[in-house]
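Below are the chains, spelled out letter by letter.
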Amino acid sequence: MFAAVIAAVIAAMVLTLVRAFAGPSLYDRILAGNSFGTKTVLLIGLMGFVTGRPDFLDIALLYALINFASTIAILRFFSYRRSREELA
């Protein structure tokens, strides 16, 4: 059962990568990157449960925090860049 769930998460990650490369706008690509990071957190948690290593949960939580902070930083960077281009 867990193998099927892991395969489904990996398939969803592949579809998210397709969306990231084919996204028509920048915000679609950023959303796909954030979604990929969330699915990675799920995959790390599942792998930790399957292998019986609860240490992976700490790694997954740290990765989730980094994913959230990087998404906010990227959005702020591009919104700042956009406002500077409008002023010029």
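Everything numeric here is computed off the predicted structure, so don't read it as measured data.

## Points about the nonpolar core
I6, V9, M13, L43 and L46 together form the largest nonpolar core, which totals 5 residues. Of all the secondary-structure elements, those providing two or more residues to this core are α1 (2–22) and α2 (26–51). Leave out the neighbours within four places in its chain, and I6 touches L43, L46, M47 and V50.

## Quick look at α1
With 21 residues, α1 extends 30 Å from end C-alpha to end C-alpha; this agrees with the ideal 30 Å at 1.5 Å per step. Listed as buried for α1 are I6, V9, M13, T16 and A20. In a view along the axis of α1, the buried residues occupy a sector of 75°, so they form one face of it. Residues of α1 that are exposed and angled more than 90 degrees away from the buried face: A3, L15, F21 and A22.

## Concerning the packing of α1 against α2
Packing of α1 against α2 brings their axes to within 9 Å, and their N-to-C directions diverge by 165°. In this view, α1 runs roughly antiparallel relative to α2, as classed from their interaxial angle. Between α1 and α2 lies a crossing whose hand is left-handed. Of the residues in α2, those in contact with F2, V5, I6, V9, I10, A12, M13, T16, L17, R19, A20 and F21 of α1 are D28, R29, A32, S35, F36, K39, T40, L43, L46, M47, F49 and V50.

About the cut-offs
- The residue numbering used here restarts from 1 in each chain and proceeds along that chain's sequence as written.
- Residue-level local features of this predicted model are given only where pLDDT is at least 70; pairs of side-chain atoms are given and counted only at 80 or more, and the full residue set underlies all totals for whole chains, interfaces and linings.
- To get the side-chain values, take all heavy atoms of the structure and skip hydrogens and water.
- Nonpolar cores are built from buried Ala, Val, Leu, Ile, Met, Phe, Trp, Tyr and Cys residues. Side-chain atoms within 4.5 Å join them into one set.
- Type-normalised accessible area, obtained with a 1.4 Å probe on protein chains alone, sets the label of each residue: buried when under 20%, exposed when over 50%, and partly exposed for intermediate values.
- Strands are runs of DSSP state E lasting at least 2 residues, helices are runs of H or I lasting at least 4, and numbering of each runs from the N terminus.
- Contacts between residues were defined by any pair of non-hydrogen atoms, one from each residue, lying within 4.5 Å.
- Working rule for helices: expected span equals 1.5 Å times residues minus one.
- This arc describes the spread of directions from the helix axis toward the C-beta atoms.
- Axes, fitted as lines to C-alpha atoms, cover a helix only where it is in contact. Angles between the N-to-C directions of the axes lie from 0 to 180 degrees.
- Under this scheme an angle from 65 to 115 degrees is roughly perpendicular, one under 35 degrees roughly parallel, and one over 145 degrees roughly antiparallel; angles in between are oblique.
- Crossing handedness is read from the near helix: turned anticlockwise from the far helix by less than a right angle, it gives a left-handed crossing, and turned clockwise, a right-handed one.

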